[in-house]
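Residue-level listing of the chains:
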Amino acid sequence: MCLGIPGKVVSISPGENQAVIESFGIQNKVNIFLVEEEVKIGDYLVVHAGYAIGKVNLQEAQERLKLWEEILVAE
Amino acid sequence: MLLIITNDIILLAHGDGGLLTHQLLQKHFLPYFNNELLGDLTDAACFPVQTGRMALSTDSFVVDPVFFPGGDIGKLAVCGTVNDLAVSGARPAYLTASFIIEEGFLLASLEKIIISMSETCREADVKIVAGDTKVVGRGQADKIFITTTGAGYLLPGVNLGYHCIKPGDRVLVNGCVGNHGLAILLQREELGLDSQVVSDCAPLNKIIEKLLHQFKGVKLMRDLTRGGLATAAKEIALASGVDIWLNEAALPVEESVKGITGLLGLDSLYLANEGKFLAVIDSGMAEAAVSALRKEPLGKDACLIGEVETGKGNVYLKTVLGGARKLDMLAGAPLPRIC
Amino acid sequence: MLNNFQDPGMSRQILQKLIPLAEKVARHLGRPAVLMEVCGTHTMAISRSGLKNMLAGYLELKSGPGCPVCVTDQKDIDKIIILARQPDVVVATFGDMVRVPGTNSSLERERANNAQVGIFYSPAEAVTFAARHPQKEVVFLGVGFETTIPAIALSVTAAKNQGLENYSIFSVHKLVPPVMKVLLGDPELRIDGLILPGHVCTITGRKTFDFIAAEFNIAAVIAGFELVDIVEAIYLLLKQVLNGRAETVNGYTRLVQEEGNIKAKNIMSEYFEPVDALWRGFGMVPQSGLGLRKVYSFYDAAIRFPVEAPESLPPKGCACGDVLKGKITPQGCPLFAKVCTPLQPVGPCMVSSEGACAAYYYE
């Protein structure tokens, strides 16, 4: 049960643990209290039931894309 | 005798057939709905008829909220019935409108709804020729319900029906699906999403008449209201005993609708539309019909989305992955999920 | 860059590589490999993509107890229904729960009978609703796995900070690892690999699921929720099976870390403690649920509204557990299509529209 959608942070209100994220052109207010790392504008957060549960590691995402390329050229 | 203490809300007395009813009619309905047939205020509208066949349709509107982005219950009440006639191959001519209003409803809101109905009637070129107003006590209705009945003349030479559908026919839609249903759902305060999805509510009779006039190969049309595209396609497949294959990659859906349906776990195939129709058309004319539709504002996102195959009344979605997903009728109104 | 994850072209290409691999594994095993996902969102994604049928014959995809709504026990639903009947109580819930049946009713039916049932996307919105309606008692249905539980815990924090006295939680939360241990511990279960729920793992961390290999010697891959994530997870599982390996591999590295979200785990254990819990189709699973700790009993709806549901046994013979484990097909269940139908479902495999029995019923 765990629909989670990534969105890009467009603004942050640190005092209230709130951020506005944008996904598919839609802006949404989310609670960022649970995110352990510092949240910066431009970060991608995965949101479940109004709460961000984690920050997307873009470097890992890049690695993944590379891995798929490798799968595709594999035997 | 002091009859009116306040003139800002609807009272039970507005529906008692007496002085207030009369005032309501004269001050709030007739200035907007006025036409030679209604203006008589007789018990029935009488009008001459043309030769040929007529189409008759009725629908009740109970939408909550009454006002939503892209429309209101009044516009919806006109479009809904006009579109039912239009997809049946008729040119809508006359409407009746019956109002059930909960006491305490704001007169200003009622007037807004009436203005919206009259504007939509003008756009669709139809007349409201008879009407009725009842007021019920608090809690006996939710704000306002409207029932419209529409009569229209079947366009000469147009012959639509399930029996016309043959394997090889193509399926088209006049634009993006899912907007109305989602716009209504997002108005719920509990969802806390500020996103502005606008209802597609619009009268389709003119664009459909043009299409039917230009393309004799149109076999059947449906407006994609409750139950959405998937339910309409399933009904067509069942009634005509064929299979319909829809192509997921070709389905037009607005980016914002895609995003929110993803977020809430909804499926735009099952969301209601109020300005969309599906047409089954002879394959030889399909591409030309889409090009023609795209020249119209209400058809600018028209697409070929599928085709008819021999079968047993099933609807399949050819997924972007290349697989097949069987589509059934809507089972229960779409609800936001977290799972 | 994240758009690349939504590109169906990549999924199709990996799928082209996956099918010959699945054939190879099937030859190696002497039968098609059996893989199971344990997440409702994976179930939906697989069903909506048509993936199961595309792979039929090459490998078998099964759905485990991955939908917390579907596994909420009938008794708990009955209690929720009685709660909904209390005057001034507003039952606040995710939309998923509204149609799940209890013994004689559902929240949908109760709403029709004048109960107040509010559908919320976020528990935070339910707190806002409670603040706006001080004369109502807002009871939030705490349904969900590890992904959802921290959010619900934080809604209690929010209610506390706002001094709200009319917000409480009815906790039927469930934990994924304990039920998986029950499932995998069944000696008759035949599963070659597990697709693990990416968002549950985001909270728990990858290491939590090392027991799958260590205790049960089964391959596992944590998967994200784009099609390409799922297709890749299947590919990586087949590789493990072919090479005779069993490890819990993180296929969702862009979100899941070894230790998980420690902040979220701390919040969870600050508010909740493990309790024995009933699972529809599985029965009692020790320490597989979470209840509010005593210090937060003020926010515990079960304590504030001590309702008892009349004793009512579910129809005997529900074999969802066996269907989930793959011991029998839905038709092997004595209730299937007779007592248990999509409109009157008994077990979780029929409750979920994507469940094994519901899917079978429609075919």
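Residues numbered from 1 in each chain as written. Chains lettered and ligands numbered in written order. Predicted model: local features only at pLDDT ≥ 70, side-chain atom pairs only at ≥ 80, totals over all residues.

Participant: Please clarify how the overall build of chain C should be interpreted in this entry.
Facilitator: Helix and strand counts for chain C stand at 16 helices and 12 strands. Relative to the 2.2 N^0.38 estimate, which gives 21 Å for 363 residues, the radius of gyration of chain C is 21 Å and therefore close to what a compact globule would have. Oriented by its inertia axes, the alpha-carbon framework of chain C measures out at about 65 × 45 × 35 Å. Counting the 363 residues in chain C, one finds 58% classified as buried. Sequence separation of 24 or more characterises 75% of the internal contacts of chain C that already satisfy a separation of 6 or more. (Helix = DSSP H or I, 4+ residues; strand = E, 2+ residues; numbered from the N terminus. Rg over C-alpha atoms; globule rule 2.2 N^0.38 Å. Buried ≥ 20, exposed ≤ 12 C-beta atoms within 10 Å, placed from the backbone. Contact = placed C-beta atoms within 7 Å.)

Participant: So what exactly am I meant to see when it comes to the overall build of chain B here?
Facilitator: When helices and strands are tallied, chain B shows 9 helices and 13 strands. In terms of overall dimensions, chain B has C-alpha extents of about 75 × 55 × 35 Å along its principal axes. Looking at chain B residue by residue over its 339 residues, the buried ones come to 50%. In chain B, the proportion of contacts linking residues at least 24 apart, taken out of those at least 6 apart, comes to 85%.

Participant: Mind showing me how you'd approach the nonpolar core here?
Facilitator: Taken as a class, soluble globular proteins show a tendency for nonpolar side chains to be buried jointly. If you look at the biggest cluster of nonpolar residues, it comprises 259 residues, and the most contacted ones within it are B:L172, B:A233 and C:V91. Those residues in contact with B:L172 that lie beyond four places of it in its chain are B:A279, B:I281, B:A286, B:A289, B:V290, B:A302, B:C303, B:L304 and B:I305. (Core = buried A, V, L, I, M, F, W, Y, C linked by C-beta atoms within 7 Å.)

Participant: Any chance you could explain the sheet that holds strand β6 (residues 167–171) of chain C here in plain terms?
Facilitator: The strands that make up a sheet are held in pairs by hydrogen bonds between backbone atoms, and each pair lies either parallel or antiparallel. Residue and element names in this part refer to chain C. One open sheet accounts for 4 strands, arranged β4-β3-β5-β6; its pairing is parallel. Looking at strand neighbours, the two that pair on one side only are β4 (116–119) and β6, the edges of this open sheet. Going across the sheet, the axis of each strand differs from the next one's by a mean of 30°, ignoring polarity. Across the sheet, helix α6 (residues 123–132) touches β3 (89–93), β4, β5 (137–142) and β6, and the angle it forms with β5 is around 170°. (Pairing = 2+ DSSP bridges. Axes fitted to C-alpha atoms, helices over the stretch in contact; angles between N-to-C directions.)

Participant: Would you mind going over the interface of chain A and chain C with me for this structure?
Facilitator: Accessible area lost during the coming together of the parts is what is often quoted as the interface size. Counting residues at the interface gives 30 residues for chain A, matched by 40 residues for chain C. Residue assignment for the side of chain A that touches chain C shows that the elements contributing at least two residues are β4 (44–48), β5 (51–55) and α1 (58–73) of chain A. No other element matches α1(A), which puts 10 residues into the side of chain A that touches chain C. Looking at the side of chain A that touches chain C, its residues break down into 19 nonpolar, 7 polar and 4 charged. (Nonpolar A, V, L, I, M, F, W, Y, C, P; charged D, E, K, R; others polar.)

Participant: Help me understand helix α1 (residues 8–29) of chain C, please; the structure alone is not making it clear to me.
Facilitator: Residues lying three or four places apart along an α-helix face the same way, a consequence of the helix completing one turn every 3.6 residues. Helix length check: α1(C) (22 residues) gives 30 Å between terminal C-alpha atoms against 32 Å at 1.5 Å per residue, within 8%. All of the buried residues along α1(C) are C:M10, C:S11, C:L15, C:L18, C:L21, C:A22 and C:V25. Packing partners of the buried residues in α1(C) comprise α1 of chain A together with β1 (33–37), α3 (51–55), β2 (59–63) and α11 (227–242) of chain C. (Expected span 1.5 Å × (residues − 1).)

Participant: What should I look at first to understand the interface of chain B and chain A in this one?
Facilitator: Opposite the 15 residues of chain B that make contact, chain A presents 13 residues. The class makeup of the residues in the side of chain B that touches chain A is 5 nonpolar, 6 polar and 4 charged.

Participant: Looking at this model, I keep getting lost on the domain arrangement of chain B. Mind explaining?
Facilitator: Residues and elements named next belong to chain B. Domain annotation of chain B identifies domain 1 (12–154) and domain 2 (162–327). If you average the C-alpha positions of domain 1 and of domain 2, the two centres end up 28 Å apart. Listed per partner, the contact involves 23 residues of domain 1 and 23 residues of domain 2. Listed by contribution, the elements that provide at least two residues to the side of domain 1 that touches domain 2 are α3 (73–87), β4 (90–102) and α4 (107–124). Examining the composition of the side of domain 1 that touches domain 2, we find that 11 residues originate from one element, α3, more than from any other. (Domains from an automatic or database assignment.)

Participant: Mind showing me how you'd approach the sheet that holds strand β1 (residues 54–61) of chain B here?
Facilitator: All names here are of chain B. Ordered by their spatial adjacency, 4 strands build an open sheet running β1-β6-β4-β5, and the pairing between neighbours is mixed. A strand with exactly one partner marks an edge of an open sheet, and here the two such strands are β1 and β5 (127–136). For this sheet the average axis-to-axis angle between neighbouring strands, irrespective of direction, equals 15°. Alignment of β1 against strand β6 (residues 144–154), held across 8 bridges, turns out to be antiparallel. When the sheet's bridge partners are listed, L56 is paired in β6 with A151.

Participant: Sorry, what's going on with the pairing of strand β1 (residues 5–13) of chain A here?
Facilitator: Residues in a regular strand point their side chains to alternate faces of the sheet. Residues and elements named next belong to chain A. Both β1 and β4 contribute to a ladder of 4 bridges, which runs antiparallel. Directly across from I5, in β4, lies its bridge partner V47. Both β1 and strand β2 (residues 18–23) contribute to a ladder of 5 bridges, which runs antiparallel. Considered in β2, the bridge of S11 is made with V20. In this antiparallel pair of consecutive strands, β1 and β2, the connection spans 4 residues, and N17 shows a positive phi of 55°.

Participant: Help me out: how do you make sense of unusual backbone geometry in this one?
Facilitator: Backbone phi values are negative for most residues with the exception of glycine, while trans is the configuration of most peptide bonds. All names here are of chain B. The omega angle of the peptide bond from D64 to P65 is 5°, so this bond is cis rather than trans. Positioned with a positive phi, K143 is a non-glycine residue whose angle comes to about 60°. As for its placement among the helices and strands, K143 is situated in the loop between β5 and β6.

Participant: So what exactly am I meant to see when it comes to the pairing of β1(C) here?
Facilitator: All names here are of chain C. Taking burial as the measure, the 5 residues of β1 include 4 buried ones, the bulk of the element. Direction of pairing for β1 relative to strand β8 (residues 193–197): parallel, over a ladder of 3 bridges. Each residue of the ladder has a partner; that of L35, found in β8, is G193.

Participant: Where do I start with the environment of B:Q50 in this structure?
Facilitator: By the element assignment, B:Q50 lies in the loop between α2 (36–39) and β1. For the pair B:Q50 and B:G181, spaced 131 residues apart in sequence, the C-alpha separation works out to 37 Å.

Participant: What is the right way to read the environment of C:I203 from this model?
Facilitator: Tracing the backbone through its elements, the reader meets C:I203 in helix α9 (residues 198–204). Spatially, the C-alpha atom of C:I203 lies 7.8 Å from that of C:V256, the residues being 53 residues apart in sequence. In this structure C:I203 touches A:I53, C:E146, C:T147, C:P150, C:G260, C:N261, C:A264 and C:K265, once residues within four positions along its chain are discounted.

Participant: Just checking my understanding: could you explain the confidence of the model for chain C for this structure?
Facilitator: Detailed reading of the predicted model is not advised wherever pLDDT is low. Residues of chain C with pLDDT of at least 70 account for 99%, and the chain-wide mean is 92. For this predicted complex, the interface score ipTM comes out at 0.95, alongside a pTM of 0.91. (pLDDT = per-residue confidence, 0-100.)

Participant: Before we go on, may I ask you to explain α1(A) in this structure?
Facilitator: With 16 residues, α1(A) should cover 22 Å at 1.5 Å per step; its first-to-last C-alpha distance of 23 Å lies within 8% of that length. Those residues of α1(A) that fall on the buried side of the exposure criterion are A:A61, A:R64 and A:W68. Here the buried residues of α1(A) occupy an arc of 50° about the axis, which is enough to place them on one side. Summarising the geometry of α1(A), the exposed residues directed more than 90 degrees from the buried face are A:Q59, A:E63, A:K66, A:E69, A:E70 and A:V73. Elements that come into contact with the buried residues of α1(A) comprise α1 and α11 of chain C. (Arc of directions from axis to C-beta.)

Participant: Mind showing me how you'd approach the packing of helix α7 (residues 149–161) of chain C against helix α12 (residues 262–271) of chain C here?
Facilitator: Each pair of packed helices can be summarised by the angle the axes make with each other and by the distance between the axes. All names here are of chain C. In contact at an axis separation of 9 Å, α7 and α12 are set at 60° when each is read in the N-to-C sense. With respect to α12, the element α7 is oriented oblique. In the crossing of α7 with α12, the sense of the turn from one axis to the other is left-handed. Facing I149, P150, A153, L154 and V156 of α7, the residues of α12 in contact are A264, I267, M268 and Y271. Here the contact of α7 with α12 is built from residues that sort into 9 nonpolar, no polar and no charged. (Parallel < 35°, antiparallel > 145°, perpendicular 65-115°, else oblique. Left-handed = near helix turned anticlockwise from the far one by under 90°.)

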